[in-house]
Amino acid sequence: MPRVAVVLSDLLQRAGLAALLERYFAPVEVECFAAVDDALREERAFDLYFTDSAAFATEVDFFLTHRARCVILAPQESGGGGCEAPYVVSTRGTLEEVVEQIGRLWRDDRSEDEKSSTDLSGREVEVLRLVVSGAINKEIADRLHISLNTVLTHRKNITAKLGIKTVSGLTLYALMHGYISADDMPL
């Protein structure tokens, strides 16, 4: 039976997600936590850790060590993290859409094309790091010694591959995948 940890600060969100998992993905053992505390740190590993972006950012060291089993609930378009990184489930949409996203993760039936479509090139990672650091397109072009059009093309490709359109979403993605550390995040 799969063991799932739900780490959400909001009581109703914890209870709701636990009920959803138990209803649609039984048999499953769900344990809820308001935060990453000593009990969760000492507990034997869970099969999946569900959390939100705020808790992830607060406890980034804990979640990065469990990133292959980490599921981030976010109010943005979902984006797969593959087997080496957190998986993002969009909380926007219908209950059926959320259940389907979790179901794909549960079954891990994402195609190889879908898993590899999020692989960023080295240059795209460089551009991503600069974008989330707050650099504008012209600064990125100057720092990387490439044209402004090339920067725009890289940004378009990053957005297409990841399905993430906002800088905050890209920042969360970069943090979750280890491209930046919490110390690198602009204040």
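Computed from a predicted structure; not experimentally measured.

(A) Representation of the overall build of the protein chain. The helix and strand inventory of the protein chain stands at 10 helices and five strands. Here the protein chain, with 187 residues, has 43% of them falling under the buried criterion. Of the contacts made within the protein chain by residues no fewer than 6 positions apart, 51% connect residues no fewer than 24 positions apart. When the accessible area of the protein chain is evaluated, it comes to approximately 9900 Å², of which 52% is carbon and sulfur surface.

(B) View of the sheet that holds strand β1 (residues 3–7). Taken in spatial order, the five strands of this open sheet run β2-β1-β3-β4-β5, and their pairing is parallel. In the strand order of this sheet, the two ends are held by β2 (29–33) and β5 (87–90), each with one partner. Ignoring strand direction, the axes of neighbouring strands in this sheet form an average angle of 25 degrees. Along the sheet, helix α5 (residues 95–107) contacts β1, β3 (48–52), β4 (70–74) and β5; its crossing angle with β5, the most-contacted strand, is approximately 160 degrees.

(C) The arrangement of the nonpolar core in detail. By size, the foremost hydrophobic cluster in this structure holds 38 residues, and its most contacted members are L40, F56, F63, L128, I140 and L170. Those elements that provide at least two residues to this core are β1, α4 (60–65), β4, α7 (122–132), α8 (137–144), α9 (148–162) and α10 (167–176). L20, V28, L48 and V99 belong to the second-largest nonpolar core, a separate cluster that totals 20 residues.

(D) Structural context of the pairing of β1. For β1, the buried fraction is high: five of the five residues fall into the buried class. Pairing between β1 and β2: five bridges, direction parallel. Residue pairing across strands places R3 opposite E29, the latter belonging to β2. Taking the sense of rotation as the criterion, the β-α-β connection linking β1, helix α1 (residues 11–24) and β2 turns out right-handed. As judged from the four bridges shared by β1 and β3, these two strands associate in the parallel manner.

(E) Representation of the pattern of salt bridges within the structure. Counted according to the given criterion, the structure contains six salt bridges. Here E29 ties to R3 by a salt bridge, and the two come within 3.3 Å at their closest N and O atoms. Linking E29 in strand β2 with R3 in strand β1, this pair joins segments that are 26 residues apart in sequence. The exposure class assigned to R3 is buried, which follows from its relative accessible area of 5%. K138 is the partner of D142 in a salt bridge, and the nearest nitrogen-oxygen pair spans 3.1 Å. One end of the pair is D142 and the other is K138, both in helix α8 and four residues apart, which spans about a single turn. Given a relative accessible area of 43%, D142 falls into the partly exposed group.

Definitions and cut-offs
- Residues numbered from 1 in each chain as written.
- Predicted model: local features only at pLDDT ≥ 70, side-chain atom pairs only at ≥ 80, totals over all residues.
- Heavy atoms only, no water.
- Helix = DSSP H or I, 4+ residues; strand = E, 2+ residues; numbered from the N terminus.
- Buried < 20%, exposed > 50% of the residue type's maximum accessible area, 1.4 Å probe, protein only.
- Contact = heavy atoms within 4.5 Å.
- Areas by Shrake-Rupley, 256 points an atom, 1.4 Å probe, with all protein chains shown as cover.
- Pairing = 2+ DSSP bridges.
- Axes fitted to C-alpha atoms, helices over the stretch in contact; angles between N-to-C directions.
- Core = buried A, V, L, I, M, F, W, Y, C linked by side-chain atoms within 4.5 Å.
- Right-handed = clockwise from strand over helix to strand, strands pointing away.
- Salt bridge = Lys/Arg side-chain N within 4 Å of Asp/Glu carboxyl O.

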